[in-house]
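Observations on the three-dimensional arrangement
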Amino acid sequence: MIRLIAMRELRSLFSMPSTWFVLAVLQFIFAWFFLARLEAFLEIQPQLAQLANPPGVTITVAAPLFYTAALLLMMLVPMFTMRLIAEERRNQTLTLLLAAPLSGRHIVLGKFAGLLSFLLIMIISLPLMAYSLALGTHLDGGLLLANCIGLILLTACYVALGLYISSLTTQPLIAAIGALAVLVGLWLADIGAPAAESPWHQFSPLYHFQNFNAGLLDSSDAAYFVLFTAVFLLLTMKRLHNNRVYG
Amino acid sequence: MSNAIPEITLYARNLTRRFGNQLIIHDLTLELKRGEVLGLLGHNGAGKSTTLQMLTGCLLPDSGEIEICGINLKKNPQLAKAHIGYLPETPPLYKELSVDDYLTFAAYLRGIKKAEVDDALNTAVKRCGLESVRRKIISTLSKGYQQRVGIAQAIIHSPAVIVLDEPTVGLDPAQIRDIRNLIRELGNTSSVILSTHLLHEVESVCDRVEIMQQGRLIYSDSSLRMQHYGEVSGFIISLQNPPPISELQAIPGVTRVEQVSANDFRILHEAVDNPGSRLLAIAAENNWQLAQLTPLHTTLEEVFVKITSDNANLPKRPQGSSPKNIVAPNAPCFERGPQP
């Protein structure tokens, strides 16, 4: 049942021209950024070679590419999550799901899985682009893997938060602005806090992504992502139940 | 699923629902038998849609029990909901999908197995007359076809209980006729409960009527009997050469005569003693030149208005009593001939 809802979500996404447009534009931005970084790397490579322990191509090209993707997704994911429940509610299609023999768990996890798999299709080009460098040089596989895991966990966080905010309203636009406000707010709390030890850093998903970005697999960062995602998914299920209680 | 449908497919007991401080549904008890088409009739805002939402599990009642085919909707929602097909006021259509894709999704959603989906799809498409538009995107279809797609999703899993919320609203007369025929056909295999504020809809498709007013069921009977509610016996006659009104009054059996216009009179009489033939004889004898004699026929509109206004003045029904006490046992269902 979860898969059924996820597939329906994907099918609807791909039937909209705007999805294809965003997909194309984003691939273009990723590729452009990747090539720009690569060019910069090739320019400074002679100077880097004189260092005792020069940074490799993975950390100078691939890692910034992933970080840019993380920032772009922060702005972009709310545009996709806004529709998930708010639009179903507005078009009154939510009734179909509520009257079907499903629990709220199926609906929420199905929608989460559907959008997450779409976003994974969107970011699959990142490791592929980075991997294309393997044709000419040796890559740091561990760093690349850490970046991939980190970006997937981060995306899951964004989707869960966006899904919850979408479940609170009937207007997709409000859901988008709400999710964007929360995500940007968390990010600003992180970059705005001056002291390195400030607890504000801990709230931001992007702060926890930085360790992954540097190739550091820290279980506390992973736990943060999993908890963040789980809490918002549970809140969404609760909200859908309240839909039945309060009408 | 249709093989083992029990005798009572839907049973709702003492449902109550509030929105904030406002009591929307008061102590509503409803029962639906297999193969019965029940019309839920009421003014706008009487609580029809709220009731149907509760019966389909989209809204939880504050108190009361709902059983679908003997399964408690609150304790076992997934099992119970598999027996319901629901068409809300606005058909829940994913308009970016094609009709086939949408109905396939609806079939899987109701737990139909993969091997049976094609059969279910073909049957539903055929019953709702959607053969010609199967590959079309739903948003490109007309309102009537969209409504049919909405009905198709509600019946695709051959549920025991089909709940239709104002199924014919916004359709043209030909489409309304088609959909009514479909509802009648559905009533042969499943129980159907439909809400409407169109009285002729009840007249043409329903076996039984429940009238709702301000969240209460105020009247329940077969739709045939409803037409006889508070019926007056009488006729209207047109006479080219009318006598004084006292002469009409003097005919045995006539209880009251009203002059409608110069040539038309409304004549009321006792239900058991019809003075029609005597009147004809006297009219011919005295050369009143009878042009027309029309029996008075109460329309459902009049009956509905009468019932709702009668009940507005009645004291509230005591708590816990069943509305069924106003239904005659074994009320005759569907013995009517063609409509006049």
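Since the structure is predicted, the reported quantities are computational estimates derived from the model, not experimental observations. (Residues numbered from 1 in each chain as written. Chains lettered and ligands numbered in written order. Predicted model: local features only at pLDDT ≥ 70, side-chain atom pairs only at ≥ 80, totals over all residues.)

1. Points about the sheet that holds strand β4 (residues 63–68) of chain B
All names here are of chain B. Read from one edge of the open sheet, 4 strands run β2-β1-β4-β5, paired in antiparallel fashion. The strands lining the two open edges of the sheet, one partner per strand, are β2 (22–33) and β5 (71–72). For β4 and β5, the ladder comprises 2 bridges, and the chain directions are antiparallel. The partner of Glu-67 across the bridge, within β5, is Asn-72. Set on the sheet, helix α1 (residues 48–55) makes contact with β1 (8–19), β2 and β4; between it and β1 the angle comes to about 120 degrees. (Pairing = 2+ DSSP bridges. Helix = DSSP H or I, 4+ residues; strand = E, 2+ residues; numbered from the N terminus. Contact = placed C-beta atoms within 7 Å. Axes fitted to C-alpha atoms, helices over the stretch in contact; angles between N-to-C directions.)

2. A look at the pairing of strand β6 (residues 84–87) of chain B
Residue and element names in this part refer to chain B. Burial of β6 is two-sided: the residues Ile-84 and Tyr-86 facing one way and the residues Gly-85 and Leu-87 facing the other way are all buried. When β6 meets strand β7 (residues 161–165), the two strands line up parallel, connected through 4 bridges. Of the residues in β7, the one forming a bridge with Tyr-86 is Val-163. (Buried ≥ 20, exposed ≤ 12 C-beta atoms within 10 Å, placed from the backbone.)

3. Considering the nonpolar core
Residues A:Val159, A:Ala160, B:Leu103 and B:Ala152 are the most contacted members of the largest nonpolar core, which totals 143 residues. The element contributing the most residues to this core is helix α8 (residues 141–167) of chain A, with 15 residues. Judged by nonpolar contacts, the second largest core, of 7 residues, contains B:Leu239, B:Leu248, B:Ile267 and B:Leu279. (Core = buried A, V, L, I, M, F, W, Y, C linked by C-beta atoms within 7 Å.)

4. Some thoughts on the sheet that holds β7(B)
Residues and elements named next belong to chain B. Taken together, 6 strands build an open sheet; the order of strands is β6-β7-β8-β3-β9-β10 and the sheet is mixed. Whereas interior strands pair on both sides, the edge strands pair on one side only; in this sheet they are β6 and β10 (216–222). Between one strand axis and the next, the sheet turns through 15 degrees on average, direction left out of account. Where α1 meets the sheet, it contacts β3 (37–42), β7, β8 (191–196) and β9 (208–213), and its direction lies at approximately 150 degrees from that of β7. Relative to the sheet, helix α6 (residues 173–189) contacts β3, β7 and β8, its axis offset from that of β8 by approximately 145 degrees.

5. Focus: the interface of chain B and chain A
Accessible area lost when the parts come together is the quantity often used to give the size of an interface. Between chain B and chain A, the contact holds 24 residues from the first and 19 residues from the second. Mapped by element, the contributors of at least two residues to the side of chain B that touches chain A are α2 (77–81), β6 and α3 (99–109) of chain B. The residue inventory of the side of chain B that touches chain A, partitioned by class, reads 15 nonpolar, 5 polar and 4 charged. (Nonpolar A, V, L, I, M, F, W, Y, C, P; charged D, E, K, R; others polar.)

6. Some details on the domain arrangement of chain B
We note that the domain assignment places domain 1 (8–228 + 305–310) and domain 2 (234–295) within chain B. On a C-alpha basis, the centres of domain 1 of chain B and domain 2 of chain B stand 47 Å from each other. (Domains from an automatic or database assignment.)

7. Quick look at the packing of α8(A) against helix α10 (residues 205–213) of chain A
Residue and element names in this part refer to chain A. Put simply, α8 and α10 touch, their axes get as near as 8 Å, and they point 165 degrees apart. Relative to α10, the element α8 is oriented roughly antiparallel. Regarding α8 and α10, the two cross each other, and that crossing is right-handed. Listed contacts from α10 to Ala-146, Asn-147, Ile-149, Gly-150, Leu-154 and Cys-157 of α8 are Pro-205, Phe-209, Phe-212 and Asn-213. Here the residues of the contact of α8 with α10 are counted per class, giving 7 nonpolar, 3 polar and no charged. (Parallel < 35°, antiparallel > 145°, perpendicular 65-115°, else oblique. Left-handed = near helix turned anticlockwise from the far one by under 90°.)

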